[in-house]
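Coordinates in review
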Amino acid sequence: MTPSDTPISRLERLSIEHFRGFHGKHDLALDADVVVVAGPNGYGKSSLIEAIALLLTGWHDERLSHFSRLVSRHPGDRRENLAEPGPPEPGASLTAKVQLVDSEDEREVLWRAQRASAGNDDAEQPTWSMKHSGLPQDRALSDELEAKLSAFFQERLDRLFDETASGTTLRDVLEPRPAWVETAQRAAGDAAAELDEAIPGFDQWSGRPGPALLTVLDQAIAELAPLYEKLVANAEVQWPAMPGRFGSDGDWSGFAVQVVEAASGRALAAQNRALPEALVEALVGPSGELTRQIKAAKRRTPDTVAPDIQRRITELEQRQTRLAREREAAERRFPHLADELALFSAQQAGEPDALAIFRALAGNARRWSALTDADRSTAARLADVLEQLAMVDPEQAAKSAETLETWLLPRRETRALLKRLDTELASIATEIARLRRLTDIQRLQTLGRDLRRALEDLIKPWNEERARLSFEARKDQRAAARDLLERARDALVWIADTLDRLTAPDEATMARLAQITTWVMGRFSTVPGLLPVQLVPDQGPDRRGYRILTGDGRELVQLSTGQKAQFGVALMVAQNREASTLLSHHVLLLDDVSTAYDLSNLTREALLWRQLAYGPEAPIKRQVFISSHHEDMTNQLLDLLVPPPGYRLLLVRFTDWSPEQGPSIQRYEVDNTGSRDPGGEAVRGLVQAIEHERLLWTAVKGP
């Protein structure tokens, strides 16, 4: 194992700069086996524990605060929205000098968060760049999972358990399932389910029953028969007579075979799958009988058309020519007729044209402008109107109307003539087209459209009936195929079940975790029925984990907050020990466990931390950080955790906090000479706890 891959055994020094409540730079010496972090709420204890967790695992719970909120703000800056303009933020950094496991080597671990748009007041959405270095390479655990196995935060209690965690779970790590196994298991299960759904209807005809199909076919033949008779009435070859009913497939198929042979000289078997399409080709296809007759009709001279119809068509064509010439002559008289008529027409519907206006002025201008004395008030209001009317010369207006009418009259007459000629020409064209439809070609084309439609109505039910008869004829082969499908389904089920058994929960792993969790839980004062702890597999389509049950079968959601905290501490220790070889560091972090502890069980719990921090077993040994805001609990912890020779206990006491400087911290080293237990109460308590520990472990492991 290279130094870069070696796990971290402990933090020796920690530098915090602009992180949460730590304004400016703070350096802390933390080279101890146990570090007790004490002080009132709000002074920065949790920020210190969170900084260590982030530095050692790289994980931070963004549900509680975005990375941007980990950076301390300038004193007095109370912006709710960090995107608002404000003083440039310096960014946050965490730097630690760490000791490696089983080595004299040291390493520096660094985490830094920097606002990419720092100093740019125009940035609407600030972005943050992260840098993290110094952790072992090729880490076996995800950041979030490693944080869950080494750090206890009361506010993140729901993230401590497999059954509530997001992302990778401990079971995914301890009981890895290869991706190909999951893919094969899912594919086998899905295929087995599809076969299981399809097999029951495998030997059941899914289409219309035989009698219903025969009824539809007889109706289609009844529509096709008269059209077929019209087609073959004048054929050059002898065509077979069409059956009046479908009868059986043999009878109809025999007729179709004769038609195909008569049309093309090609012999087809009655069972040939292409027979329906060959029948359509023989009657109305590009080389079929209908096409042959149309080509023949086109080769014939117009004399073959009925004489009276041809004569009427000729008369209409001659009249059409005369009217067209007359129309051309009318258009030549006034080449710009539409534009000229538009000159003196009103642009809006309902308004008078120029001729009507001149006529109105000629007949009414004098009357409109001559008002009596009784109308003087009206004359005053309409002076401008009366002045304009008085300027009109009725005789001149009448002459203008006459001149304009003389100019307009021939043009209007020509427009009426053109409209009448267009109507008559359209009528002649319609009549000529109608008469031409009476010719042989038109008759054959109409017959062809009707034939194609009737054949389409026949072919679909005919093919369906042929498929039904084929389905009935293959009953034995279908039974054999069903047997094979059932065997294939059973084999797929066996594969899925076998893969499921191969990835079944590891009972030994769950038993060890439950045993250690019970061992730690036994240190707390618990209600009857809570122990022993049970772990059961939680396996769904998208996640695999461990669910927790109490001794009497209660689930995690049924427990109180304090009981959940006790389970959280116990499970963190159990999982940390079980995954010891996978961890990138050997540090345990406990932020304010007052909900899990009370003074009655603190002695037995302290023995656990002594075993982990002062014990001789290197794989189990941990550097332990415990945060406490309860002064009596802090004092008793210090007495109970007094280190044996060769080990160190450190008290980091937060004494004050200010917006400008952040926390004020005092550091004390506690040893045997500084113990506050001169009467030996803590020692006697430890002796009793050791005896309780022996009895508890015996009860867990069994004789």
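Residues numbered from 1 in each chain as written. Predicted model: local features only at pLDDT ≥ 70, side-chain atom pairs only at ≥ 80, totals over all residues. Heavy atoms only, no water.

**A few points about the overall build of the protein chain**
The secondary structure content of the protein chain amounts to 21 helices and 13 strands. By sequence separation, contacts in the protein chain at least 24 residues apart represent 70% of the contacts at least 6 residues apart. A total of about 37,100 Å² of accessible surface is found on the protein chain, and carbon and sulfur atoms cover 52% of it. (Helix = DSSP H or I, 4+ residues; strand = E, 2+ residues; numbered from the N terminus. Contact = heavy atoms within 4.5 Å. Areas by Shrake-Rupley, 256 points an atom, 1.4 Å probe, with all protein chains shown as cover.)

**Regarding the pattern of salt bridges**
A side chain with one charge may pair with a side chain of the opposite charge, provided their charged atoms come close. A full pass over the atoms with the stated rule returns 30 salt bridges. Its salt-bridge partner being Asp 31, residue Arg 10 comes within 2.8 Å of it at the nearest N-O pair. Taken as a pair, Arg 10 in strand 1 (residues 8–19) and Asp 31 in the loop between strand 2 (22–29) and strand 3 (34–38) lie far apart in primary sequence, 21 residues in all. Here the salt bridges share partners, and the residues they tie into one network are Arg 10, Asp 31, Asp 33, Lys 621, Arg 648 and Glu 669. (Salt bridge = Lys/Arg side-chain N within 4 Å of Asp/Glu carboxyl O.)

**Quick word on the nonpolar core**
Counting residues in hydrophobic clusters, the biggest one holds 60 residues, and the most contacted among them are Val 569, Leu 590, Tyr 597, Trp 609 and Leu 641. Aside from chain neighbours lying at most four places away, what touches Leu 641 is Val 34, Val 36, Ala 606, Trp 609, Arg 610, Tyr 614, Ile 626 and Leu 649. Membership of the second largest hydrophobic core comes to 38 residues, among which are Leu 14, Val 35, Leu 54 and Val 587. (Core = buried A, V, L, I, M, F, W, Y, C linked by side-chain atoms within 4.5 Å. Buried < 20%, exposed > 50% of the residue type's maximum accessible area, 1.4 Å probe, protein only.)

**Here's the deal with the packing of aromatic side chains**
Taken as a whole, this structure holds nine aromatic pairs when the rule is applied. Taking the centre distance of 5.4 Å and the plane angle of 55 degrees together, the rings of Tyr 614 and Tyr 647 count as tilted. A residue pair is termed long-range when its members are at least 10 positions apart, and Tyr 614 in helix 19 (residues 602–614) and Tyr 647 in the loop between helix 20 (631–640) and strand 12 (649–658) qualify at 33 residues. Taking relative accessible area as the criterion, Tyr 614 reaches 7% and is therefore assigned buried. Tyr 647 gets classed as partly exposed once you look at its relative accessible area, which sits at 26%. An aromatic cluster is defined as three or more aromatic residues linked by ring pairs; in this entry it consists of Tyr 228, Phe 246, Trp 252, Phe 255 and Trp 462. (Phe/Tyr/Trp six-rings, centres within 6.5 Å; stacked < 30°, edge-to-face > 60°.)

**Let's talk about empty space enclosed by the protein**
Tallied over the entire structure, the rule returns four cavities of 30 Å³ or more. The space that makes up the largest cavity amounts to roughly 100 Å³. Looking at the largest cavity, the residues that line it are Ala 53, Trp 59, Glu 144, Ala 147, Lys 148, Ala 151, Phe 153, Arg 156, Arg 159 and Leu 160. Residue assignment for the lining of the largest cavity shows that the elements contributing at least two residues are helix 2 (143–150) and strand 7 (151–153). (1 Å grid on protein atoms, 1.4 Å probe; cavity = no way out; pocket = protein on both sides within 12 Å on 5 of 7 lines; lining within 4 Å. Points joined across faces, edges and corners; volume = space filled by probe spheres on them.)

**Some words on the environment of Ser 15**
Note that Ser 15 resides in strand 1. We classify Ser 15 as buried; its relative accessible area is 13%. A C-alpha to C-alpha distance of 7.0 Å links Ser 15 and Lys 25, two positions 10 residues apart in sequence. Setting aside anything within four residues of it in sequence, one finds Ser 15 in contact with Lys 25, His 26, Asp 27, Ser 93, Leu 94 and Thr 95.

**Some details on the confidence of the model for the protein chain**
Per-residue confidence for the protein chain gives a mean pLDDT of 81; residues scoring 70 or more make up 85%. Looking at the elements of the protein chain, mean pLDDT is at its lowest for helix 21 (residues 681–701), recorded as 54, and at its highest for strand 3, recorded as 95. pLDDT under 50 marks residues 699–703. Its contacts with residues more than four places away, or in other chains, come to five contacts. (pLDDT = per-residue confidence, 0-100.)

**Observations regarding unusual backbone geometry**
The residue after Leu 531, namely Pro 532, is reached through a cis peptide bond having omega 0 degrees. Turning to its location among the elements, Pro 532 is positioned in the loop between helix 17 (507–521) and strand 8 (534–539). Positive phi values are uncommon outside glycine, yet His 18 reaches one of about 55 degrees. Relative to the assigned elements, His 18 resides in strand 1.

**Quick look at the sheet that holds strand 12**
One open sheet accounts for six strands, arranged 7-10-11-3-12-13; its pairing is mixed. Looking at the sheet topology across the chains shown, the edges are occupied by strand 7 and strand 13 (662–670). For this sheet, the mean angle separating the axes of adjacent strands, direction not counted, is 15 degrees. (Pairing = 2+ DSSP bridges. Axes fitted to C-alpha atoms, helices over the stretch in contact; angles between N-to-C directions.)

**Quick notes on the packing of helix 2 against helix 18 (residues 561–578)**
Orientation of helix 2 relative to helix 18, taken along the N-to-C sense of each, is 115 degrees, at an axis distance of 7 Å. Where helix 2 approaches helix 18, its residues Lys 148, Leu 149 and Ser 150 are matched on the opposing element by Met 572, Gln 575 and Asn 576.

**Details of the pairing of strand 12**
Where burial is concerned, most of strand 12 is hidden: seven out of the 10 residues are buried. The sheet contact formed by strand 3 and strand 12 spans five bridges and is parallel. Residue pairing across strands places Val 37 opposite Val 652, the latter belonging to strand 12.

**A closer look at the environment of Ala 193**
Looking at the element boundaries, Ala 193 is found in helix 4 (residues 179–198). Separated by 300 residues in the primary sequence, Ala 193 and Val 493 place their C-alpha atoms 8.7 Å from one another.

**Some remarks on the packing of helix 11 (residues 354–369) against helix 13 (residues 383–390)**
Contact pair helix 11 / helix 13: the axes reach a minimum separation of 9 Å and the direction vectors enclose 135 degrees. Considered as vectors, helix 11 and helix 13 are oriented oblique to each other. Crossing hand, helix 11 versus helix 13: left-handed. Facing Ala 365, Trp 368 and Ser 369 of helix 11, the residues of helix 13 in contact are Leu 386, Leu 389 and Ala 390. (Parallel < 35°, antiparallel > 145°, perpendicular 65-115°, else oblique. Left-handed = near helix turned anticlockwise from the far one by under 90°.)

**Brief notes about the side chain of Glu 578**
Tracing the backbone shows Glu 578 in helix 18. The class for Glu 578 is buried, based on a relative accessible area of 19%. Among residues more than four places away in sequence, those in contact with Glu 578 are Leu 174, Thr 509, Arg 512 and Leu 513.

**Topic: the environment of His 630**
Following the sequence through the fold, His 630 ends up in the loop between strand 11 (623–628) and helix 20. On the accessibility criterion, His 630 (33% relative accessible area) is partly exposed. C-alpha of His 630 to C-alpha of Pro 40: the two residues are 590 residues apart in sequence and 7.8 Å apart in space. Only 3.1 Å separates the side chain of His 630 from the backbone nitrogen of Met 633, close enough to count as a polar contact. (Polar contact = N/O pair within 3.5 Å; in protein donor to acceptor, adjacent residues only side chain to side chain.)

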